[in-house]
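# Remarks on the overall topology
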Amino acid sequence: MFPLWEVEEAAASVQLWRLPWCEIGIHPGVNTTGRLSRSLPIIVYRLPWTWKCSKLLMKSIHAGLNTVAAVLAIISLVAVFDFHNAKKIPNMYSLHSWVGLTAVILYILQLLLGFFVFLLPWAPLSLRALLMPIHVYSGLFIFGTVIATVLMGLTEKLIFALKNPSYSSLPPEGIFTNTLGLLILVFGALIFWIVTRPQWKRPKEPNSVLLQPNGGAPEGVESSMAMNFGNVDKSDSELNSEAAARKRNITLDEAGQRSTM
């Protein structure tokens, strides 16, 4: 049980989350939840029941879910740095902290890139086509980095928190956390499987225009131009055949008149 005066004092100052026992719990809890929620914007385009929604709506949902995950990640970082500073614990000394901070920085850059290039209608289509493969790959890379960070964080938490009994004696807390880590690993593998399956890819919209990254003409424009050129050639051939038929009819009429005379 925690001292009642400590809870009342924190509640009065509206800073309950800054209590040491609450603050250090915010980092693993919010961080794990927020970073694993990164999977939702990844697969939001891959769910078949979302294919009937407009592309703009799905872009907005994609950006909104990413923003929520970024806010949760920032809250968890503030909590752990604040806790370390209050307890005089060094910061940024473990591989977990290095990989985790790198993932957060890359994630925020990815979010800004997607917002200004793909959500807002200012970027040219050629730039979108050039950055789309990078955007997709970096999203999967960041998600894989998040899975690794969560697994390292769970192990680090158990090593520091379990003293008697120790983590090496495999207490119930250790078994539970190890099982949770395996489930997180399976969850990440499932997300990668969904994203890499062609049958889960969102179908192209009939009126969409896709640009080639190498500066080529749009696919939709190329097909429409080919159809237009085909129609023009067809109409020209029909006109030529009609003109030839008229000439033949005139020639036959003149020949008939001469034979009559």
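Figured I'd write up the structure that's included with this text. (Residues numbered from 1 in each chain as written. Predicted model: local features only at pLDDT ≥ 70, side-chain atom pairs only at ≥ 80, totals over all residues. Heavy atoms only, no water.)

Across its full length, the protein chain carries 8 helices and 0 strands. When the helices and strands of the protein chain are listed from N to C terminus, the series reads α-α-α-α-α-α-α-α. Every one of the 261 residues in the protein chain was classed for burial, and the buried ones make up 31%. At a minimum sequence separation of 6, the contacts of the protein chain that also span at least 24 residues come to 67%. For the protein chain, the exposed area adds up to about 17000 Å²; of that, 70% sits on carbon and sulfur atoms. (Helix = DSSP H or I, 4+ residues; strand = E, 2+ residues; numbered from the N terminus. Buried < 20%, exposed > 50% of the residue type's maximum accessible area, 1.4 Å probe, protein only. Contact = heavy atoms within 4.5 Å. Areas by Shrake-Rupley, 256 points an atom, 1.4 Å probe, with all protein chains shown as cover.)

All right, on to the nonpolar core then. Grouped together as the largest cluster of nonpolar side chains are 19 residues, with contacts concentrated most on Ile 42, Ile 43, Ile 191 and Val 195. Of all the secondary-structure elements, those providing two or more residues to this core are α3 (39–43), α4 (55–86), α5 (95–119), α6 (125–161) and α7 (172–196). Among the elements that make up this core, the one with the highest residue count is α6 (7 residues). Residues within four places of Ile 191 in sequence aside, it is in contact with Ser 39, Ile 42, Ile 43 and Phe 143. (Core = buried A, V, L, I, M, F, W, Y, C linked by side-chain atoms within 4.5 Å.)

A grouping of Ile 74, Val 78, Ile 105, Leu 106, Ile 108, Leu 109, Leu 112, Phe 115, Phe 116, Trp 122, Tyr 137 and Phe 141 is seen on the molecular surface, where their side chains present a nonpolar patch of about 1200 Å² in accessible area. Listed by contribution, the elements that provide at least two residues to the nonpolar patch are α4, α5 and α6. Ile 105 sits in the partly exposed class, given a relative accessible area of 47%. (Patch = residues over 30% accessible without salt bridge, like charges linked within 9 Å, V, L, I, M, F, W, Y side chains within 5 Å. Salt bridge = Lys/Arg side-chain N within 4 Å of Asp/Glu carboxyl O.)

One pass over the full model with this rule turns up 4 aromatic pairs. Taken together, a centroid distance of 5.2 Å and an interplanar angle of 85° make the contact between Phe 115 and Phe 116 edge-to-face. By relative accessible area, which is 46% here, Phe 116 ends up partly exposed. Both rings, one in Trp 193 and one in Trp 200, keep their centres 6.5 Å apart while their planes meet at 70°; by these two values the pair is edge-to-face. Classification of Trp 200 as partly exposed rests on a relative accessible area of 25%. (Phe/Tyr/Trp six-rings, centres within 6.5 Å; stacked < 30°, edge-to-face > 60°.)

Let's shift gears to the side chain of Arg 46. Positionally, Arg 46 belongs in the loop between α3 and α4. Those residues in contact with Arg 46 that lie beyond four places of it in its chain are Trp 51, Ile 194, Val 195, Arg 197, Trp 200 and Lys 201.

What follows concerns unusual backbone geometry. Peptide bonds are trans in most cases, and residues, glycine excluded, mostly fall at negative phi. In this structure, the amide linkage connecting Asn 164 to the following residue, Pro 165, adopts the cis form with an omega of 5°. Unusually for a residue other than glycine, Leu 170 sits at a positive phi of about 55°. Relative to the assigned elements, Leu 170 resides in the loop between α6 and α7.

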